[in-house]
Amino acid sequence: MRFILVTVTFLLGLMALTGVAAAQSAEVSVGKIDFPQRVWGTQRLTFDVTNHTEYLKFIMVEADVTFEESYSGARRVKTSNFPLGPDMSMTINPEVEIPGNYGQATCWVRLYDAVDTLDDVSLATKLFEQKFLLKFRDQVSVQPYRQEKVTVPPLVGGSYAWDSELSLLTVTLLNEGKTEDEIAEILNVKKEIVSREVQRKVADGHIRKDVAAGYRLNVPVITLAEAQEGRKYADELSDQMVALIKKNLETYPALIDSLKTSGAFSGDSANFYEGGALLYQRYPLIAGMLLWYDLGHRFITEGGRMMIYRPNAMCAPKLGEFMYLAQGGDYYNGSHYFNPTVNIRYHKVDFGDVVPRIECTPKARSTTGRVVKGQDWSIDPEFSPQAIVFDTALSSPAIRHLRTGFPEMLLGAIDRLAEIDQKFGHAKLSRGVKFWFWNLTATRTVTKLVEEGVLTRSGNGQFSLQSHDLNRKKAAKK
């Protein structure tokens, strides 16, 4: 059976062993820890620990594995708990998981003294740590598939389901018609590793079993050739969109004047309660509301509901029909983040011209259950959005004005994208492909508007836009 080739030099071995002596605690001693097995997946380490005190200890073991040289930033943190009685020695077997990546992996094994096994590791006292360095080499057969970075939709690449080269390359190779045996041969791993990955994707609905033809994909794979042609058309379309936006902006001040003349708007951009400040904030108005909230809905879902991310699944998002894989890296992908929530009470739009960094606990990345914002996940403060409240009675006329000429343009764009999609073997134009293409086109459009001085980037480019029909509520009270 084939295994991932691993090189661990004698020097690295000495580094790991010297870490043992330096990190021992007076209260708890740790025996020799062998190097992790040289394979991808979950395994258990076995070593002895001794409690030299007269008190019960709750020993928490954290196994933290990261990759530095892979384009896929997979990281796994496994935590195991063991009660250790007074003056007691025992053999423990904590879990460690090595994600399916190539390159150099760093594995830290850390022991903590916790008051309770339910405690978070941050509340515990570190007793010991040891570092292992492993090099996972790619053989010649897989190297052609690693030349072009495979990407997934915004935030999805941080989930455990899609953050490893194993997951991305398995689906890419299935798209080429490769069997599990052939994929294992190319990746130089046991077939069981590939089979487990395929079954995970089957369970998530991304792959289906076809009795006649093996496995078929429910998620589109956009090859490099298709991404190149899509990028070329996105540049052409964004040029047309820039020209139309500039044209509509020429008459936009007259619209504001008409709203003031009719009494619908005072024209005070600082009046928060009135809900008209968004009309003067052209960057979020055009980038977030026009290009995504309005035109994006029309292009991707034909005006239907577009719920991309679930509120309690930001660390392990499952996008369903909006999912895709694309080859070629960042040059062939848009950088925008768009997350709308629309119901009968209000409209909320989270938009960023770059994808916000989400800080997630291991639990939040691995579970499909409920997670709590602020406890299990949070937005990095650097990406905190600017909150803007708007009244739809004012924003809707503005968007309608800026939309002038776009419906006809988008009909032609859908037809052109469908031609490209069909050319590269897709049975039908999916919402995943449309989501990928629109992000690329919208990103190019905003970039060109900024470069030409039509728009000025506002703040950190992150916005949380929420509607409240403030004027109507005020009128109702009268």
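The following refers to the structure shown. Numbering of residues begins from 1 in every chain and follows the order in which that chain's sequence is written. The predicted nature of this model means local features are confined to residues of pLDDT at least 70 and side-chain atom pairs, given and counted, to a pLDDT of 80 or more, with totals for whole chains, interfaces and linings taken over all residues. To obtain the side-chain values, all non-hydrogen atoms of the structure were included, while hydrogens and water were left out.

### Concerning the pattern of salt bridges
Salt bridge, as used here: a side-chain nitrogen of Lys or Arg that lies within 4 Å of a carboxyl oxygen of Asp or Glu. Within this structure, the stated rule accounts for 41 salt bridges. For the salt bridge of Lys32 with Asp34, the shortest nitrogen-to-oxygen distance reads 2.6 Å. What makes Asp34 partly exposed here is its relative accessible area of 45%. Here Arg416 and Glu229 are joined by a salt bridge, their closest N and O atoms 3.7 Å apart. Remark: Glu229 occurs in helix α5 (residues 224-250) and Arg416 occurs in helix α10 (residues 406-423); sequence separation between them is 187 residues. Buried means the residue's accessible area, taken with a 1.4 Å probe over protein chains only, is under 20% of the maximum for its type, while exposed means over 50%, and partly exposed covers the values in between. Overall, Arg416 belongs to the partly exposed group, its relative accessible area being 29%. Bridged by salt links that share partners, the residues Arg44, Arg76, Lys78, Glu95, Glu97 and Asp163 form one connected network. Strands are runs of DSSP state E lasting at least 2 residues, helices are runs of H or I lasting at least 4, and numbering of each runs from the N terminus.

### Let's talk about the packing of helix α7 (residues 282-301) against α10
Working convention: axes come from line fits to C-alpha atoms, limited for helices to the stretch in contact. Angles between N-to-C directions cover 0 to 180 degrees. It is at 10 Å that the axes of α7 and α10 come closest, and there the two elements cross at 35 degrees. Crossing handedness for the pair α7 and α10: right-handed. Facing Leu295, Arg298 and Phe299 of α7, the residues of α10 in contact are Phe406, Leu410, Ala413, Ile414 and Leu417. The residue classification treats Ala, Val, Leu, Ile, Met, Phe, Trp, Tyr, Cys and Pro as nonpolar and Asp, Glu, Lys and Arg as charged. All others, Gly included, are polar. Residues that form the contact of α7 with α10 fall into these classes: 7 nonpolar, no polar and 1 charged. Rotating anticlockwise by less than a right angle from the far helix to the near helix defines a left-handed crossing, while the corresponding clockwise rotation defines a right-handed one. We call two residues contacting when some pair of their heavy atoms lies within 4.5 Å.

### Description of the nonpolar core
Formed by 126 residues in total, the largest nonpolar core has its most connected members in Leu187 and Leu325. At 12 residues, the largest contribution of residues to this core is made by α7. Here, the term nonpolar core denotes a set of buried Ala, Val, Leu, Ile, Met, Phe, Trp, Tyr and Cys residues that are joined through side-chain atoms within 4.5 Å.

### Some points on helix α2 (residues 165-175)
Most of α2 sits inside the fold, with 10 of its 11 residues counted as buried. Within α2, burial applies to Glu165, Leu166, Ser167, Leu168, Leu169, Thr170, Val171, Thr172, Leu173 and Leu174. Of the residues flanking the end of α2, it is Gly177, one or two places downstream, whose phi is positive at about 90 degrees.

### What to know about the environment of Arg38
One can find Arg38 in the loop between β2 (28-30) and β3 (41-44). A sequence separation of 60 residues divides Arg38 from Ile98, and the C-alpha atoms of the two residues are 9.0 Å apart.

### A few points about the packing of aromatic side chains
Aromatic ring pairs: the centre-centre distance and the angle between the two ring planes describe each pair. Classification of ring pairs uses Phe, Tyr and Trp, with its six-membered ring standing for Trp, and accepts pairs whose centres are within 6.5 Å; under 30 degrees between planes counts as stacked, over 60 as edge-to-face, and the remaining range as tilted. Applying the stated criterion across every chain, the model contains 15 aromatic pairs. Consider the rings of Trp40 and Tyr102, whose centres lie 5.3 Å apart with planes at 70 degrees: the pair is edge-to-face. You can see Trp40 sitting in the loop between β2 and β3 and its partner Tyr102 sitting in the loop between β8 (95-98) and β9 (103-114), a full 62 residues away along the chain. Comparing Trp40 with Tyr102, the two get one shared label, buried. Cluster of aromatic residues (ring-pair linked, three or more members): Tyr233, Phe299, Trp436, Phe437 and Trp438. We note Arg416 situated over the ring of Tyr233; from NZ or CZ to the ring centre the distance is 5.7 Å. Think of it as a cone above the ring: NZ of Lys or CZ of Arg counts as a charge over the ring if it is within 6 Å of the ring centre and within 35 degrees of the ring normal.

### Overview of the sheet that holds strand β15 (residues 325-327)
Each strand in a sheet pairs with another by means of backbone hydrogen bonds, the pair being arranged parallel or else antiparallel. One requirement defines pairing of two strands: DSSP has to find at least two bridges between them. Spatially, β11-β15-β14 is the arrangement adopted by the 3 strands of the open sheet, whose pairing is mixed. Where the open sheet ends on each side, the last strands, each with one partner, are β11 (150-151) and β14 (221-222). As judged from the 2 bridges shared by β11 and β15, these two strands associate in the antiparallel manner. From the neighbouring strand, Val150 faces β15, where its bridge partner is Gln327.

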